[in-house]
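# Observations on the three-dimensional arrangement
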Amino acid sequence: MLVTIRKMFDLLSKREKIQLYVQFVALVSMAFVEMAGIASILPFMAVVANPGVIRTNRWLKHAYDFFQFSSLQSFLFFLGIVVLGLMVFSNLFKALTTWLTLRYDNRLNYNLARRLLAAYLSRPYEFFLNRNTAEMGKNVLSEARTVIAGILSPGMQLLSSSLLCIFIMAFLMVVDPFVAVAIIVVLGGSYGAIYLVVRRRLVRIGREQVEANTMKFKAASEALSGIKDLKILGRERVFLDRFAAHALRHARRNATVGVISQLPRYALETIAFGGILLIVIYSLESEKDVGKIVPLLSIYAFAGYRLMPALQQIFASISAVRVSLPTLEILHQDMCESPLSADPDVAVVDAQSLKPLPFTQKLVLEGVSFRYAGAQEPAVKEISLTISPNTSIGLVGATGSGKTTTVDIILGLLSPTQGQLLVDGSEVSGDTVANWQRNLGYVPQHIYLCDDTITRNIAFGVPEEDVDMEAVIRAARIANLNEFIEQELPNGFETVIGERGVRLSGGQRQRIGIARALYRNPVVLIMDEATSALDGITEEAVMDALRTLSGEKTIIMIAHRLTTVKDCDIIYHMEHGHIVNQGSYDELLGSSAWFQAAARTGT
Ligand SMILES: Nc1ncnc2c1ncn2[C@@H]1O[C@H](COP(=O)(O)OP(=O)(O)OP(=O)(O)O)[C@@H](O)[C@H]1O
């Protein structure tokens with residue numbers, strides 16, 4: 001229990017904790033106000049049943065005389081108004097507390113989801129190589145809410161209902177200790193016994209729910225992302241069934257939790273009703289005057305009316321907390337157990353404001369090796385190379401030889417497991433990575449496009465009001481996109497291209513990727529198979545445009561087609577993670593058998 005509270009508190013900011021304490025005070029006050037509401041019935045019913053009590057009860061007599069009532073009717077009317085007033089106040093207070101709680105919960109849901117996404121975004125690139133994006137999306141979109149609806153809200157309800165129960169029981173103790181103890185033993189004991197039977201099952205269901213929910217998100221995401229393959233292979237049904245199986249499992253677990261937490265109520269209500277009957281019989285046995293029993297019974301009835309839902313709430317809240325424990329574990333792990341977790345929101349820096357790391361002398365990879373987590377062998381091994389500013393570099397080699405890994409190290413996405421990346425003599429690591437990246441333009445193998453206009457895909461992530469249209473047009477021209485945009489797209493640069501650019505060809509997507517990399521006029525342009533999807537003539541046109549940049553930009557390109565890197569100042573040939581040869585195109589053609597063979601086959 002204490003561990004759960006600590007973990008829940010770890011997720012909250014200082015301000016959110018203070019707001020929670022305020023809520024707690026409001027809930028305690030609410031329990032008191034409710035209690036006063038219940039207690040106020042007593043004098044009213046006492047007078048109804050036995051008007052003579054006005055003379056015998058010190059307080060009632062005092063009130064009667066103080067307000068100078070002249071008839072029983074008017075005094076009863078006054079008492080009725082007081083009781084009603086207390087009820088109205090009690091319910092208004094309850095409404096206010098509910099409003100506070102709802103506001104707090106929804107605000108917290110927003111804050112938690114935002115902080116969780118920030119926690120993910122602040123992680124290094126390597127973290128994402130081993131995590132599933134659908135699962136992370138599910139955590140942000142769904143599990144943040146689960147933690148609030150399943151732990152925090154029930155936790156607060158548990159607290160307030162427990163307090164209310166304690167007040168009601170204390171009140172009943174004063175009225176009749178025997179009946180109060182009987183209620184505790186019968187009702188408390190019944191709920192306690194049910195809880196002992198189901199508690200382990202609840203945590204198990206919670207784990208299964210998390211798993212089923214993850215698989216549900218994954219199945220939906222995979223089916224929709226791979227729609228082209230699904231269609232061709234005719235596998236829609238398989239993916240639908242896969243999703244349905246997990247979704248059904250999730251729905252069934254939800255239903256089971258509902259049944260476990262709600263059903264005991266009916267049994268317990270029957271027991272409580274039986275209890276009231278027993279109290280009537282017991283009271284009639286010990287007190288023959290029915291007039292004296294009526295007020296007592298009305299108190300039991302009203303206390304029961306408040307006590308039963310409160311007890312049920314306690315049980316349902318504990319059940320909800322237990323089911324949601326596995327979700328809390330996940331969120332706690334992802335938000336609080338990362339090295340950067342102090343405040344993920346702060347860790348997500350706005351890199352636009354950073355100063356670029358100067359690159360005027362040389363970029364050096366010094367004995368760099370890198371091994372992916374879980375891999376047997378390093379993907380690149382003791383690579384050393386030096387790149388001067390404004391030169392062009394080609395990386396070639398068989399598939400899987402380590403070209404992309406090398407480029408990812410230069411991009412600062414992967415940090416070497418051995419050796420270092422130096423720019424003008426200073427090591428690029430930790431805090432300086434973001435400064436180094438300010439110099440870079442990068443065209444990956446697979447271009448990610450968003451469902452937005454061409455302009456917003458080129459000026460990717462730039463706020464609308466800051467988009468530099470001249471830079472967009474210049475970048476599009478170098479990427480040989482201008483003609484296509486202006487002549488073939490209905491709204492030119494403002495044409496929306498569909499999710500992941502589904503309305504574009506592979507070559508058009510690639511050219512948007514190139515234009516995006518060029519938009520901010522980077523010092524270093526890095527391209528990983530950036531022209532592989534272009535036809536020969538378009539590639540030639542793009543390369544011609546890029547040539548106009550050579551001498552004013554450092555260009556690093558990975559290519560399978562040797563013709564693409566023909567004009568590079570130095571070409572590095574990689575094999576099994578090593579650089580095995582280097583030189584100009586002509587030099588390698590003279591010295592490398594692999595190069596000669598590759599040139600012959602035209603790859
Ligand atoms: N995330 C990863 N986890 C484990 N191993 C990986 C990962 N990414 C790449 N590798 C391995 O590292 C090696 C180098 O891969 P890399 O992508 O750098 O090669 P490449 O020369 O760029 O290949 P290609 O030309 O096919 O793009 C390969 O053996 C690959 O299987």
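All values derive from a computational prediction rather than experimental measurement.

## Re the overall build of the protein chain
Scanning the protein chain from terminus to terminus reveals 23 helices and 10 strands. C-alpha atoms of the protein chain, sized along the principal axes, occupy 120 × 50 × 50 Å. Classification of the 603 residues of the protein chain by burial places 45% in the buried group. Nonlocal contacts in the protein chain, meaning residues at least 24 apart in sequence, comprise 75% of its contacts between residues at least 6 apart. Accessible surface, the protein chain as shown: approximately 31000 Å² in total, 60% of it carbon and sulfur. On the protein chain, the mean spot of the 57 positive side-chain charges and the mean spot of the 56 negative ones are 10 Å from each other.

## What about the pairing of strand E3 (residues 392–397)?
With respect to burial, E3 is a largely interior element, 6 of its 6 residues being buried. The two faces of E3 match: Ser 392, Gly 394 and Val 396 on one face and Ile 393, Leu 395 and Gly 397 on the other face are all buried. Examined bridge by bridge, E3 and strand E8 (residues 554–558) share 4 bridges and lie parallel to one another. Bridge pairing in E8 places Ser 392 opposite Ile 555. Where E3 lies against strand E9 (residues 570–575), 5 bridges are found, and the strand directions are parallel. Looking at the pairing, Gly 397 lines up with Met 574 of E9.

## A word on helix H12 (residues 264–286)
An ideal rise of 1.5 Å per residue puts 33 Å on 23 residues; H12 measures up with 32 Å between its terminal C-alpha atoms. Every buried residue of H12 is listed here: Pro 264, Leu 268, Ala 272, Ile 279 and Ser 283.

## So, the site of the ligand
Close to the ligand lie Tyr 372, Ala 379, Ala 398, Thr 399, Gly 400, Ser 401, Gly 402, Lys 403, Thr 404, Thr 405, Gln 445 and His 560. In the environment of the ligand, an oxygen atom lies 3.0 Å from a nitrogen or oxygen atom belonging to the backbone of Gly 402. One of the side-chain N or O atoms of His 560 is found 3.3 Å from an oxygen atom in the ligand. Looking at the shell around the ligand residue by residue, the class counts come to 3 nonpolar, 8 polar and 1 charged.

## Brief notes about the UniProt feature "domain: ABC transmembrane type-1" (unreviewed entry) in the protein chain
In this structure's numbering, the residues bearing the UniProt feature "domain: ABC transmembrane type-1" (unreviewed entry) are residues 59–282. Structurally, residues 59–282 is divided into 93% helix and 0% strand, and its ends, taken at the C-alpha atoms, are 29 Å apart.

## Focus: the packing of helix H6 (residues 72–121) against helix H8 (residues 133–175)
Two elements in contact, H6 and H8, have axes whose closest approach is 9 Å; the angle formed by their N-to-C orientations is 140 degrees. Overall, the two elements H6 and H8 adopt an arrangement that is oblique. Here H6 and H8 pass one another in a crossing that is right-handed. Packed against H6, whose contacting residues are Tyr 104, Asp 105, Asn 106, Leu 108, Asn 109, Leu 112, Ala 113, Leu 116, Leu 117 and Tyr 120, the element H8 presents Met 136, Asn 139, Val 140, Ala 144, Arg 145, Ile 148, Leu 152 and Ser 153 at the interface. Considered class by class, the residues forming the contact of H6 with H8 number 12 nonpolar, 4 polar and 2 charged.

## Digging into the packing of helix H9 (residues 177–225) against helix H11 (residues 236–262)
The N-to-C vectors of H9 and H11 enclose an angle of 155 degrees; their axes lie 8 Å apart at closest approach. When the axis of H9 is compared with that of H11, the two are roughly antiparallel. The handedness of the crossing between H9 and H11 comes out as left-handed. Residue classes in the contact of H9 with H11 are distributed as 13 nonpolar, 6 polar and 8 charged.

## Some remarks on unusual backbone geometry
Of note in the backbone geometry, Asp 424 takes a positive phi value of approximately 50 degrees without being a glycine. In this structure, Asp 424 sits in the loop between strand E4 (418–423) and strand E5 (426–427). For His 576, which is not glycine, the phi dihedral falls at a positive 45 degrees. For His 576, a relative accessible area of 61% puts it in the exposed group.

## Regarding the side chain of Lys 403
Relative to the helices and strands, Lys 403 is located in helix H15 (residues 403–410). Ignoring anything within four residues of it in the chain, the contact list for Lys 403 reads Leu 395, Val 396, Gly 397, Ala 398, Ile 558, His 560 and Met 574.

## Re the sheet that holds E9
Pairing within the open sheet is mixed, and its 6 strands lie in the order E6-E7-E8-E3-E9-E10. Only two strands of the sheet have a single partner each, and these edge strands are strand E6 (440–443) and strand E10 (578–583). This sheet shows a mean twist of 15 degrees between the axes of neighbouring strands, independent of strand direction. The strands touched by helix H20 (residues 506–519) within the sheet are E6 and strand E7 (524–528), with E6 carrying the most contacts at an inclination of about 175 degrees.

## Here we look at the packing of aromatic side chains
Under the criterion given, the structure shown has 18 aromatic pairs. Taken together, a centroid distance of 5.0 Å and an interplanar angle of 70 degrees make the contact between Tyr 64 and Phe 75 edge-to-face. Here the residue Tyr 64 occupies a position in helix H5 (residues 58–66), and Phe 75 occupies one in helix H6, the gap between them amounting to 11 residues. Side by side, Tyr 64 and Phe 75 carry an identical accessibility label, which is buried.

## A word on the pairing of E9
Summarising the sheet, E9 and E10 pair through 5 bridges and their orientation is antiparallel. Looking across to E10, one finds that Met 574 is bridged to Ile 579. Connecting E9 to the next strand, E10, in antiparallel fashion are 2 residues, including His 576 with a positive phi near 45 degrees.

## Section: the sheet that holds strand E1 (residues 363–370)
Taken in spatial order, the 4 strands of this open sheet run E2-E1-E4-E5, and their pairing is antiparallel. In this open sheet, the two strands that pair with only one neighbour each are strand E2 (380–387) and E5. Where E1 meets E2, 5 bridges bridge the pair, whose relative direction is antiparallel. Counted as the bridge partner of Leu 365 is Leu 385 from E2. Of the strands in this sheet, E1, E2 and E4 are in contact with H15, which crosses E1 at around 125 degrees.

## A short note on the nonpolar core
Counting residues in each nonpolar core, the largest one holds 47 residues, and the members touching the most others are Ile 458 and Leu 546. Of the residues forming this core, the biggest block, 6 residues, is contributed by H20. For Ile 458, the residues in contact, after removing those within four places along its chain, are Val 472, Ala 475, Ala 476, Phe 493, Ile 512, Ala 515, Arg 516 and Tyr 519.

## Section: the environment of Ser 429
With respect to the helices and strands, the residue Ser 429 is situated in the loop between E5 and helix H16 (432–437). Taking the C-alpha atoms as reference points, Ser 429 and Thr 214, separated by 215 residues in sequence, lie 34 Å from one another.

## A word on the pattern of salt bridges
Under the criterion given, the structure shown has 15 salt bridges. The salt bridge partner of Asp 65 is Lys 61, with a shortest N-O separation of 3.3 Å. Separated by 4 residues within a single helix, Asp 65 and Lys 61 lie in helix H5, roughly one turn from each other. One salt bridge connects Glu 269 with Arg 265, and the closest N-O pair in it is separated by 3.4 Å. One end of the pair is Glu 269 and the other is Arg 265, both in helix H12 and 4 residues apart, which spans about a single turn.

Conventions used here
Residues numbered from 1 in each chain as written. Predicted model: local features only at pLDDT ≥ 70, side-chain atom pairs only at ≥ 80, totals over all residues. Heavy atoms only, no water. Helix = DSSP H or I, 4+ residues; strand = E, 2+ residues; numbered from the N terminus. Buried < 20%, exposed > 50% of the residue type's maximum accessible area, 1.4 Å probe, protein only. Contact = heavy atoms within 4.5 Å. Areas by Shrake-Rupley, 256 points an atom, 1.4 Å probe, with all protein chains shown as cover. Lys, Arg positive; Asp, Glu negative; His and termini not counted. Charge placed at Lys NZ, Arg CZ, Asp CG, Glu CD. Pairing = 2+ DSSP bridges. Expected span 1.5 Å × (residues − 1). Near = heavy atom within 4 Å. Polar contact = N/O pair within 3.5 Å; in protein donor to acceptor, adjacent residues only side chain to side chain. Nonpolar A, V, L, I, M, F, W, Y, C, P; charged D, E, K, R; others polar. UniProt positions renumbered as here; feature names shortened; annotations may be inferred. Axes fitted to C-alpha atoms, helices over the stretch in contact; angles between N-to-C directions. Parallel < 35°, antiparallel > 145°, perpendicular 65-115°, else oblique. Left-handed = near helix turned anticlockwise from the far one by under 90°. Phe/Tyr/Trp six-rings, centres within 6.5 Å; stacked < 30°, edge-to-face > 60°. Core = buried A, V, L, I, M, F, W, Y, C linked by side-chain atoms within 4.5 Å. Salt bridge = Lys/Arg side-chain N within 4 Å of Asp/Glu carboxyl O.

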